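Remarks on the overall topology
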Amino acid sequence: MMFSPSDLENPIATSALPYSYAPLPDGEQPAGNDPTIRPYRKTALFLVSVFVAVAFLVALFAGNRPVLPKNLNTNIVTEEMPEKVMPLSRGVEKGVSEKSFDPLLGAADNSYPWSNIMLDWQRTAFHFQPKKNWMNGPVFYNGWYHLFYQSHPDAPVWGKIVWGHAVSKDLINWRHLPIAMETDQWYDEQGVWTGSATILSDGQLVVLYTGSTNESIQVQNLAYPADPSDPLLIKWVKYPGNPVLVPPPGIDNNDFRDPTTAWKTPEGKWRITIGSKINKTGISLVYDTEGFKTFELLDGLLHAVPGTGMWECVDFYPISKQGENGLDTSVDGPGVKHVVKASMDDDRNDYYAIGTYDAYKGKWTPDDPTFDVGIGLRYDYGIYYASKTFYDQNKQRRVLWSWIKETDTEASDIKKGWASLMGVPRTIMLDKKTQSNILQWPIQEINRLRTNLTVFKDVVVEAGSLVPLNLPSAYQLDIVAEFEVDMKTVERLNGDNVAYSCAKSGGAAQRDALGPFGFSVLAHEGIAEHTPVYFYVAKGIDGNFKTFFCADQSRSSNANDVDKSIYGSIVPVLKGEKLAMRILVDHSIVESFAQEGRTCITSRVYPTKAINNNAQLFLFNNATATKVTASVNVWQMNSAQV
């Protein structure tokens, strides 16, 4: 989960999982041994984040039509924010967030002449991508991980969304199954959208999901497996009394979506929360239920933050103050903190905060209001949206998944026949050292894809230098590294006002005394194209240091119709800690983790030259006053079955 000094010397050995279920008809296939060989699928694929946290309820409930909830108290202090002017595209008029990258004005008329070789290279080797068009979140049931994802079967663009379905034994290798739910009822005619799964006390499974009705009203619906004994959950039944929830008075018909996994209340009921907004205040509504067919809307809100706009894909879960294991969503008590996360429809980023939950009032309070949901910490400072966690009871861990969108053009997506993917699953736990943030780390199963370790020990990188790291190939990699700066130089330096921002800086080309330094991944000879991932250290007037972790896409491609933003944020570095990062490179996606996952950045990059055997890896140090010493382990990564 976390890397240690031993991870800088030897690959982590993992034992086989004790599965006994018979394989699917064509057999479970192991990951390939050649990282250059990948399953080729020229299919229309578009993953849109709307995770299925599937709140599965398979009990036989009484079949009553839902009662309209009582009036919602809308007396909320709101803060008016300037309206953002953004171009509309598929989905927005239906009340869902913008899902595609908008190139700079004029780029569509002067797009890059992408070749099939370039576009084929962009498809990843160990990140999940469905066969057809869009996606959701997982649950562990009867020995299998199930991923239900939003899919548009006909094209790699937004459209009438159904639920695709895939299963896995290890969250890395996946088998695609038939579509789980179609748009075949009036209450989901315009789309089967985000949902969440709940495993009941008796082990049965139920799902609550948002449907877009024949009049494009967002409602919540109940579904459950047709055969709970089928571990593959091939067939699903929609409750005949759907919808079980409709927008309450005071809530717009297009602002009521994404029910969470349910958790138990002290009274023994089940509780969920649903994202919405009132004016510009983002809110999370709270409902209690005993049978998932009728619901009671609580008077208060789980939480609200003025000025943050619509909250999508709200997530709520406990984390242990002391333990290393994850916790079931219903766990509460003195040794537990609770996380509230929301995907902000206004800026398309996922924010979270740590706080205290009052189970009797159904209310959550952040530990630090200055780092509240939507204005403070983010899961990831790059391309990462509509994420969802689930409790993996198989390994007693909480796992985070997220949709990773494309940041090229729709025309390119149509030409290559697919769009979007899922990030590598990450474990989540409280940072026991800081107590103020979570740690995210790739699940340990990803280490099974490692092969051909190359070690670069104590490499001295002088100020202003670039060091090539000779590798068999450089586009499917797992990089683990530690950096040490020259402390004698650091101590001699005078402090200055620390006013650095990754996004507003000149990227890796902006030189200062103590940075930037790190890696250039997916780099072409002569650095005609490269994507730097780096630290930037600043010494303040008070002698204290601030460390920033950044990813610079500004020179990642010669194409003019792709995103070239610079991403990143500050990362806490405690006394005695070395600067450490891990980078997963998988063709057109780069996932970077600093200081055991305190700060994370996901990048989508579309090089035109630095592909296949023309991709290289470099260490660089663009500081002006100090050398750095790097110890690096680089593994080639095998392809997974995805």
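Computed from a predicted structure; not experimentally measured. (Residues numbered from 1 in each chain as written. Predicted model: local features only at pLDDT ≥ 70, side-chain atom pairs only at ≥ 80, totals over all residues. Heavy atoms only, no water.)

The next point concerns the overall build of the protein chain. Across its full length, the protein chain carries three helices and 34 strands. Counting contacts in the protein chain only where the partners sit at least 6 residues apart, residues at least 24 apart contribute 70% of the total. In the form shown here, the protein chain has an accessible surface area of approximately 23600 Å², with 51% of it arising from carbon and sulfur atoms. (Helix = DSSP H or I, 4+ residues; strand = E, 2+ residues; numbered from the N terminus. Contact = heavy atoms within 4.5 Å. Areas by Shrake-Rupley, 256 points an atom, 1.4 Å probe, with all protein chains shown as cover.)

Moving on to the sheet that holds strand S28 (residues 545-552). Spatial ordering of the open sheet is given by S24-S33-S26-S27-S28-S29, a layout of six strands whose pairing is antiparallel. Of all the strands in the sheet, the pair left with one neighbour each is strand S24 (465-469) and strand S29 (566-570). Strand-to-strand, the axes of this sheet are offset by a mean angle of 20°, without reference to chain direction. One ladder, built from five bridges, connects strand S26 (residues 517-523) with strand S33 (residues 616-621); its direction is antiparallel. Residue pairing in the sheet places Ala523 in a bridge with Gln616 of S33. (Pairing = 2+ DSSP bridges. Axes fitted to C-alpha atoms, helices over the stretch in contact; angles between N-to-C directions.)

Bringing the pairing of strand S19 (residues 397-404) into the picture now. Of all eight residues making up S19, eight are buried, and the element is well covered by its neighbours. Burial along S19 is two-sided: the residues Arg397, Val399, Trp401 and Trp403 and Arg398, Leu400, Ser402 and Ile404 are all buried. Note that strand S18 (residues 385-392) and S19 share six bridges and pair antiparallel. Across the sheet, the residue bridging to Lys388 is Trp401, located in S19. Hairpin remark: S18 followed by S19, antiparallel, with four residues in the connecting loop; positive phi at Gln396, about 50°. (Buried < 20%, exposed > 50% of the residue type's maximum accessible area, 1.4 Å probe, protein only.)

What follows deals with the sheet that holds strand S1 (residues 138-141). The four strands are arranged S1-S2-S3-S4 in an open sheet whose pairing can be described as antiparallel. If you trace the sheet from one side to the other, it starts and ends with S1 and strand S4 (174-181), each paired once. The average undirected angle you get between the axes of adjacent strands in this sheet is 30°. For strand S2 (residues 144-151) and strand S3 (residues 162-168), the ladder comprises seven bridges, and the chain directions are antiparallel. Bridge pairing in S3 links Tyr145 to Ser168.

Here the focus is the state of the cysteines. On inspection of all chains with the given rule, the structure shows one disulfide. Two residues, Cys502 and Cys550, share a disulfide whose sulfurs are 2.1 Å apart. Looking down the S-S bond of the Cys502 and Cys550 bridge, the torsion is -60°, so its handedness is left-handed. In this pair, Cys502 is assigned in the loop between helix H3 (487-492) and S26 and Cys550 in strand S28, connecting sequence segments 48 residues apart. With a relative accessible area of 2%, Cys502 lands in the buried category. (Disulfide = S-S within 2.5 Å.)

What follows deals with the confidence of the model for the protein chain. Caution applies to low-pLDDT parts of the model: their predicted coordinates are not meant to be read in detail. Averaged over all residues, the pLDDT of the protein chain is 85; the fraction at 70 or higher stands at 80%. In the predicted structure, residues 1-37 sits below a pLDDT of 50 and forms 82 contacts with residues beyond four places in sequence or in another chain. Note that pLDDT drops below 50 for residues 39-90; the model gives that stretch 230 contacts with residues more than four away or on any other chain. (pLDDT = per-residue confidence, 0-100.)

Inspection of every chain in the model, using the stated rule, returns 28 salt bridges. A salt bridge links Arg348 to Asp345; its shortest N-O distance comes to 3.5 Å. You'll find Arg348 and Asp345 in the same group, each marked buried. Residue Lys416 is joined to Asp413 by a salt bridge in which the shortest nitrogen-to-oxygen separation is 3.5 Å. In this pair, Lys416 and Asp413 are both assigned in helix H2 (residues 410-416), three residues apart and thus about one turn of the helix distant. Look at Asp413 and you get buried, because its relative accessible area is 5%. If you follow the salt bridges from partner to partner, you end up with Glu406, Asp408, Asp413, Lys416 and Arg604 in one network. (Salt bridge = Lys/Arg side-chain N within 4 Å of Asp/Glu carboxyl O.)

Tracing the backbone through its elements, the reader meets Ser412 in helix H2. Judged by its relative accessible area of 6%, Ser412 falls in the buried class. When sequence neighbours within four positions are dropped, the list of residues in contact with Ser412 reads Trp114 and Asp561.

With that settled, the discussion passes to the packing of aromatic side chains. Aromatic rings in a pair are described by how distant their centres are and how their planes are angled relative to each other. Tallied over the full model, the rule gives 29 aromatic pairs. Through a chain of ring-to-ring contacts, the aromatic side chains of Phe256, Trp270, Tyr287, Phe292 and Phe295 assemble into a single cluster. (Phe/Tyr/Trp six-rings, centres within 6.5 Å; stacked < 30°, edge-to-face > 60°.)

Before going further, it helps to spend a moment on unusual backbone geometry. Residue Pro243 is reached from Asn242 by a cis peptide bond, and omega for that bond is 0°. Tracing the backbone through its elements, the reader meets Pro243 in the loop between strand S8 (236-238) and strand S9 (263-264). Of note, the amide linkage connecting Gly515 to Pro516 takes the cis form, showing an omega dihedral of 10°. Positionally, Pro516 belongs in the loop between H3 and S26. Positive phi, normally seen in glycine, also occurs at Ile527, with a value near 55°.

Turning next to the nonpolar core. One recurring pattern in soluble globular proteins: nonpolar side chains tend to sit buried together. Judged by nonpolar contacts, the single largest core of 64 residues is most densely connected at Ile479, Phe483, Phe519 and Leu617. For Leu617, the contacting residues outside a window of four places in its chain are Val467, Pro468, Leu469, Leu471, Ala474, Leu477, Ile479, Phe519, Ser520, Val521 and Val634. (Core = buried A, V, L, I, M, F, W, Y, C linked by side-chain atoms within 4.5 Å.)

Among the structural elements, Gly195 can be located in strand S5 (residues 191-199). Looking at Gly195, the relative accessible area reads 0%, which means it is buried. Linking Gly195 and Gly211, residues 16 residues apart in sequence, is a C-alpha distance of 9.1 Å.

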